[in-house]
Amino acid sequence: MVYFILKRLIQSVFVMIAVAFLAFSLFRFVGDPITQMTGVETSIEDQERLREELGLNDPFVAQFVRFTGDMLQGDFGYSYRTRQPVGEMIATRVPATLELGIVALLISLVVGIPTGVFTALRPRGFATQTILLTTLVGVSIPTFVIGIMLIFLFGVQLGWLPTFGRGGTVQIGGWETSLFTIDGWRALILPAITLGVYQLTLTMRLVRAEMMEVLRSDYIRFGMARGVPMRSLYFRHALANTMVPVITIIGLQFGGVIAFSIVTESVFQWPGMGLLFLESIRFVDIPVMGVYLVVIAFFFVLVNLIVDLLYLAIDPRLRVKDTS
Amino acid sequence: MIAFIKRYEGLWLFTRSPAAIIAAIVAFFSIFGAIFAPLIASVNPYDLASFSLMDGLLPPVWEDYGNPKFLLGTDDQGRDMVSSILYGARLSLIIGISAMTIATVLGVGLGLAAGYYGGRFDMIVMRIADIQLALPAILTALLIDGIARGILPTEVQQDLRVAVLTLAIALSLWVNFARTARASTFVQMQKEYVQAAIIMGQRPIRVMFVHILPNILGPLLVIMTVDLASAILLEATLSFLGIGLPADSPSLGTLIRIGMQFMLSGEWWILWIPTVFLVALVISINILGDFLRDVFNPRLR
Amino acid sequence: MKNLILKNSAMVAGALLIGAASASAAEFKWASNTDPQTMDPHAVNSAPVLSFLNNVYEGLVRRNQGMSIEGSLAESWEPLQDDDGWRFNLRQGVTFQDGAAFTSEDVMFSYERASNEAADVRSWFAPVSEVRVVDDFTIDFITKAPNPLFPDSIANFMILDKGWAEANGAELPARDAENHATMNVNGTGAFKVASRDPGVKTVLVPNEGWWGEATHNITEATFTPIGNAATGLAALLSSEIDFIQPIPLQDVAQVESRDGFKVLEGEETRVIMFGFGHEHEELLYSSDVTGKNPFADARVRLAAAHAIDIASIDRVLFRGKIEGASQLVPAGISGYSEANSDRPAYDPDRAKALLAEAGYPEGFSFGLKCPNDRYINDEALCRAAASMFAAVGLNAELSTGPVRDYWPQLREDAFDMYLLGWSPGTFDMEHPIRFLMSTPNKEKKLGSWNFGGYSNARVDELLPGIQREVNPAARQAMVDEVVAITQEEVAYIPLYTQPLIWAAKDNVDLTQRADNFFMLRWVTVN
């Protein structure tokens, strides 16, 4: 077990380096940071001097080595746009994105798993068909359209909820949270729903598919024949057996949630990492983009590691294979 | 023989499912319209000379000031909405179907092999998958777009936008297939029939595709249907973030992105007509996907 | 667990109390689409930064509501008698926000800081040869040649406190890393920065010790950048903010139709135009013309100008809110040539005739480059223009992209025709002549945005005279000649002046200045 974890940790480091490399190689194509850093009246020599100072004329490999080397020493560099330390900039944005992502994921699970089970148990019912169709409409409208619609319905027309930002935040040990104020929760509702709606449908459909599959299996039929109570069959045996793929999906979803929070954050002006990243693309803020990607990669690697470990805990059959 | 029975059974089931019939009709007309767009559409929305700004912002024909020449009105450029939607659907379907196909082939192939062989190969595939997952779709699109811009001459870049976008979307979707295929393959590998096939000395390719694949199709089909839909939506989202298709060769997603600007300005048709069309198309695809899954996997009925 | 919940509800209650206490009539919240990227007034020469910092820092001179120059930290100024240059007589009794007194040493220090290689604003001081402190409240700027426009050109040159900057290690603008002045502010202006969270919000409060008389009634002003236009509009319509700049043109009717909101419309000083690859040997993106560049022929350029139907663009794309432009500055800017105020009429037949005359009766295809996130409706404009060009046989292959990628392409000459917007930084016609019409010359720092390499010897000859001439009539005659030449040769196709659309709650009075700067000291909340 320890050996397995160690092995995964070493692999994870390679994944991160690979992401850093890919990310870094794409920067060169995003645009020219210099024209975004200077005004129209700045002379071409001044622009060239800045380019030289920032090391943008150095060979690609040298730039990459410097980037990763500095990062390994904990030096994340300075933003081209604001000249602030990138580590700090990202750190202040992490809580907003994580809180939004986790609440969205919770919404998708809390709603998705029960409706998935329900629609699996009554596959032909009118309610099931209605739920399936409604959620389909939900995933068929682009996220950004849903977000703006929600803003205009609940923010402008009804005036119930704020239209942008995080509302009231509180500092708890360096973590800026909006979960402990009413304002904060009010501001969180719309973005979390917008972000969660797609994942919700996916969760529901997967739970449903898995559940229907399991319900047909021999041991459930056998249990029915033996007179095991249906409630116990459904929830203790059947649902438990759908959990392996569902955990995979949750792991995958968290990645999806963080990635798609870029769109949600942009629509709701939610001050998270995704918004910072979008601004950085606009200004070709290479250091911020690079560190953002590596941080995102770190989250993915972490979540995947946890998912794999959960696999081992849940399904003993996999244990034999992976530890051998 | 089995295939024949399945088809026959499928047809019988089909006649009993009104949702599937409606979905099939919608999908048929969309795909028909998309394929024959150049013949049906009154103007070619890619041909800048074929429309005029003078016709801009006309409402659909049933509203005041509607013009019978433009059944569903025009956008801010004077482009006929009917023609735009037909051409847009064509482009969206091309991108969605190709991206999904590439993702499926790549993901299922790698996932099956990873599950089957396990060990080092599995490790490598899964770590590549991790790398891919760690790069959100928007970044993959930026990366592919950037590399294409780096290596292709400027003249062809504009023409290859569709291919670049398709590849970017496919690359951000294949991991779902790979991970699901791998997890399911692991489970199947423990089953007697697979062990029996391996012991009987059947070639790995045959074991994977003939024995294992049909038994893991259920979850894969769900992902395929959901992913065809998400491929089409992802294209729209990328275009919203400014890395999709240019406005002069619009897909449905681009039309919606353009329409967003007019959400509050009174010209509702520019946004809502393509949106309703997109939603109808995506829902039809999903319903048909559900239906196909039922046919393929009778145990779910 | 129980404890935690109790603690949480206490925090909730606390937060509500704070919210209730600070709600007052003169609190003001506003939004714009871009956050000022730094608080250092010399680090970046960009409108969002300079506009924002004009509320907290001040220059020797400043622009009033009508854009003309008035005294600020300098009470008066006059040309030097013995040398070329200007003398500024500074205001006495002014203090910085940290209490330090303002003297000519601070001006000297700020000049050195702003003209340093590390400063992005140093081009403002290119004409300056020397600065001399005369006494505590008098300072002379010596210029290399007579420079009547110099005071106008430094309206955004903001003064830092020498002692404060030196004590905090901010002697120079931050180059690759931050310094104290990146996040902290110590100006003499009417407001000071109470808190700043870059990209999220910045809070300003009135500077009680300001030398001027406050005409606003703001107790606290909060700025939030909102990048997405629809979100920004929603924030205004739901009354979460009091004012936003800018809003999309097509939403003007929506805002006006609601009770309690108003739209402020004006014209920016930015003229949108098409430029040509004058000096290119051949077309880069043509499928039918090789080996030559039709745009080298003035008749072809004139044909392109006649193909544009500004009235339709105005009606459909801009909802009647633009004015056609005849030259590179709008009317009202100093140096605007009244004598040349006609723009080429929309005349597709004449355009076709001109093309035939130039040897292209069937027209030809070429590449048109446009940004899609720089100017109002830039992409839609280019699509419409491409369609109009196509109608006379000029088949434009349109390619659009974000501005981060657009300028590098223009610098690399990767265009046949391109879109450009230009706002004269000095609010004088000399500015576009220097940047857009002069033959590119690196040593003399001329024509640095003249991507197509337009070149006319007479224009180059007239520019130094325009820069030096003190007599307004003589100067205007020279400007008129330049405008006439460039119109005759169709150096650019000026299209229109970009509109300026702001929106606010009805109870807010404010001033919309043509440079799109927003001054808090002109705001009253009723």
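Parameters at a glance
Residues numbered from 1 in each chain as written. Chains lettered and ligands numbered in written order. Predicted model: local features only at pLDDT ≥ 70, side-chain atom pairs only at ≥ 80, totals over all residues. Helix = DSSP H or I, 4+ residues; strand = E, 2+ residues; numbered from the N terminus. Rg over C-alpha atoms; globule rule 2.2 N^0.38 Å. Contact = placed C-beta atoms within 7 Å. Buried ≥ 20, exposed ≤ 12 C-beta atoms within 10 Å, placed from the backbone. Nonpolar A, V, L, I, M, F, W, Y, C, P; charged D, E, K, R; others polar. Axes fitted to C-alpha atoms, helices over the stretch in contact; angles between N-to-C directions. Left-handed = near helix turned anticlockwise from the far one by under 90°. pLDDT = per-residue confidence, 0-100. Core = buried A, V, L, I, M, F, W, Y, C linked by C-beta atoms within 7 Å. Pairing = 2+ DSSP bridges. Expected span 1.5 Å × (residues − 1).

Enquirer: In this structure, what is going on with the overall build of chain C? I would like to understand it.
Expert: Looking only at helices and strands, one finds 16 helices and 19 strands in chain C. At 25 Å, chain C has a C-alpha radius of gyration in line with the 24 Å of a compact globule built from 526 residues. Of the contacts formed within chain C by residues at least 6 apart in sequence, a portion of 69% connects residues at least 24 apart.

Enquirer: Could you clarify how one ought to interpret the overall build of chain A in this entry?
Expert: When its secondary structure is counted, chain A shows 14 helices and two strands. Once the C-alpha set of chain A is aligned to its principal axes, its extents read approximately 85 × 60 × 35 Å. In chain A, which comprises 324 residues, the proportion classed as buried is 49%. Partitioning the intrachain contacts of chain A with sequence separation of at least 6 by distance along the chain shows that 72% fall at a separation of at least 24.

Enquirer: Help me out: how do you make sense of the interface of chain B and chain A in this one?
Expert: Many descriptions give the size of an interface as the accessible area lost when the pieces come together. Listed as interface residues are 45 residues of chain B and, on the opposing side, 43 residues of chain A. For the side of chain B that touches chain A, the secondary-structure elements that each account for two or more residues are α5 (119–134), α6 (137–151), α8 (161–189), α10 (204–240), α11 (252–260) and α12 (268–296) of chain B. Among the residues making up the side of chain B that touches chain A, the classes are represented as 29 nonpolar, eleven polar and five charged.

Enquirer: Looking at this structure, how should I read the packing of helix α7 (residues 143–157) of chain A against helix α8 (residues 182–215) of chain A?
Expert: How two helices pack is summed up by the angle between their axes together with the distance between the axes. Residue and element names in this part refer to chain A. One can describe the packing of α7 onto α8 by two numbers: an axis separation of 10 Å at closest approach and a directional angle of 150°. Crossing geometry of α7 relative to α8 is assigned as right-handed. Between α7, through Thr143, Ile146, Gly147, Leu150, Ile151 and Phe154, and α8, the contact on the second element is made entirely by Leu190, Ile193, Thr194, Val197 and Tyr198. Grouping the constituent residues of the contact of α7 with α8 by class yields eight nonpolar, three polar and no charged.

Enquirer: Would you mind going over the confidence of the model for chain C with me for this structure?
Expert: Low-pLDDT stretches of the model should not have their predicted coordinates read in fine detail. All names here are of chain C. On average, residues of chain C carry a pLDDT of 90, and 95% of them reach 70 or more. Per-residue pLDDT stays below 50 along residues 1–24; that stretch engages in 13 contacts with residues further than four places along the chain or on separate chains. With pTM at 0.86, the complex prediction returns an ipTM value of 0.85.

Enquirer: It is not clear to me how the nonpolar core should be interpreted in this structure. Could you clarify?
Expert: One recurring pattern in soluble globular proteins is that nonpolar side chains are buried together. Among the nonpolar cores identified, the biggest contains 333 residues, and A:Val19, A:Tyr292, A:Ala297, B:Ala134 and C:Phe389 are the most heavily contacted of them. Contacts of A:Val19, omitting those with residues within four sequence positions, involve A:Leu293, A:Val294, A:Ala297, B:Ile131, B:Ala134 and B:Leu135.

Enquirer: Where do I start with the interface of chain C and chain A in this structure?
Expert: Listed by partner, the interface residues are 42 residues for chain C and 47 residues for chain A. Taken together, the elements giving at least two residues each to the side of chain C that touches chain A come down to α1 (2–22), α7 (229–237) and α13 (403–411) of chain C. Classifying every residue of the side of chain C that touches chain A by side-chain character gives 17 nonpolar, 15 polar and ten charged.

Enquirer: Could you clarify how one ought to interpret the pairing of strand β5 (residues 85–90) of chain C in this entry?
Expert: The side chains of a regular strand alternate between both faces of the sheet. Residue and element names in this part refer to chain C. Alignment of strand β4 (residues 74–79) against β5, held across five bridges, turns out to be antiparallel. Opposite Trp77, over in β5, you have Phe88 as the bridge partner. Counted between consecutive antiparallel strands, the loop separating β4 from β5 contains five residues. As paired elements, β5 and strand β7 (residues 138–143) share five bridges and run antiparallel to each other. Of the residues in β7, the one forming a bridge with Trp86 is Phe141.

Enquirer: Help me understand unusual backbone geometry, please; the structure alone is not making it clear to me.
Expert: The phi torsion of most residues other than glycine is negative, and most of the peptide bonds are trans. Backbone torsion omega between C:Gln245 and C:Pro246 reads -15°, so that peptide bond is classified as cis. The residue C:Pro246 is located in the loop between β11 (243–245) and α8 (252–256) in this model. Although it is not a glycine, A:Gln269 adopts a positive phi angle of roughly 50°. Mapped onto the elements of the fold, A:Gln269 is located in the loop between α11 (243–268) and α12 (273–282). Of the residues examined, A:Gln269 has 24 C-beta atoms within 10 Å and is grouped as buried. Backbone geometry places C:Ser239, a non-glycine residue, at a positive phi of 65°. Tracing the backbone through its elements, the reader meets C:Ser239 in the loop between α7 and β11.

Enquirer: I would appreciate a short explanation of the sheet that holds β7(C) in the present structure.
Expert: The strands that make up a sheet are held in pairs by hydrogen bonds between backbone atoms, and each pair lies either parallel or antiparallel. All names here are of chain C. The four strands lie next to each other as β4-β5-β7-β6, forming an open sheet whose pairing is antiparallel. In the strand order of this sheet, the two ends are held by β4 and β6 (128–135), each with one partner. Adjacent strand axes in the sheet meet at a mean angle of 20° when their direction is disregarded. Lying over the sheet, helix α3 (residues 104–114) contacts β5, β6 and β7, oriented at roughly 165° with respect to β6.

Enquirer: Would you mind showing me how to read helix α4 (residues 60–72) of chain A here?
Expert: Side chains of residues three or four places apart in an α-helix project in the same direction, reflecting 3.6 residues per turn. Helix length check: α4(A) (13 residues) gives 18 Å between terminal C-alpha atoms against 18 Å at 1.5 Å per residue, within 8%. Positive phi shows up at A:Gly74, right after α4(A), with a value of about 85°.

Enquirer: Where do I start with the confidence of the model for chain A in this structure?
Expert: Residue and element names in this part refer to chain A. Here chain A averages 82 in pLDDT, while 94% of its residues score no lower than 70. Across chain A, element-level confidence peaks in helix α5 (residues 86–121) with a mean pLDDT of 90 and bottoms out in helix α14 (residues 316–323) with 50. Note that residues 320–324 has pLDDT below 50 and, in this model, six contacts with residues that lie over four places away or in other chains.

Enquirer: For this particular structure, what's the right way to read the environment of A:Gln36?
Expert: For A:Gln36, the position within the fold is in helix α2 (residues 33–37). C-alpha of A:Gln36 to C-alpha of A:Phe283: the two residues are 247 residues apart in sequence and 5.6 Å apart in space. Leave out the neighbours within four places in its chain, and A:Gln36 touches A:Phe283, A:Val284 and C:Arg404.

Enquirer: Please clarify how the environment of A:Phe21 should be interpreted in this entry.
Expert: All names here are of chain A. Structurally, the position occupied by Phe21 is in helix α1 (residues 2–30). We classify Phe21 as partly exposed; it has 14 C-beta atoms within 10 Å. Through-space distance from the C-alpha of Phe21 to that of Thr68 is 8.7 Å; in sequence the pair is 47 residues apart.

Enquirer: What exactly am I supposed to notice about the pairing of strand β8 (residues 191–197) of chain C here?
Expert: Residues and elements named next belong to chain C. In terms of strand pairing, β8 meets strand β9 (residues 201–206) through six bridges, oriented antiparallel. Within β9, the position partnered with Phe191 by the bridge is Pro206. The hairpin turn running from β8 into β9, its antiparallel successor, is three residues long, and Gly199 in that turn takes a positive phi close to 80°.

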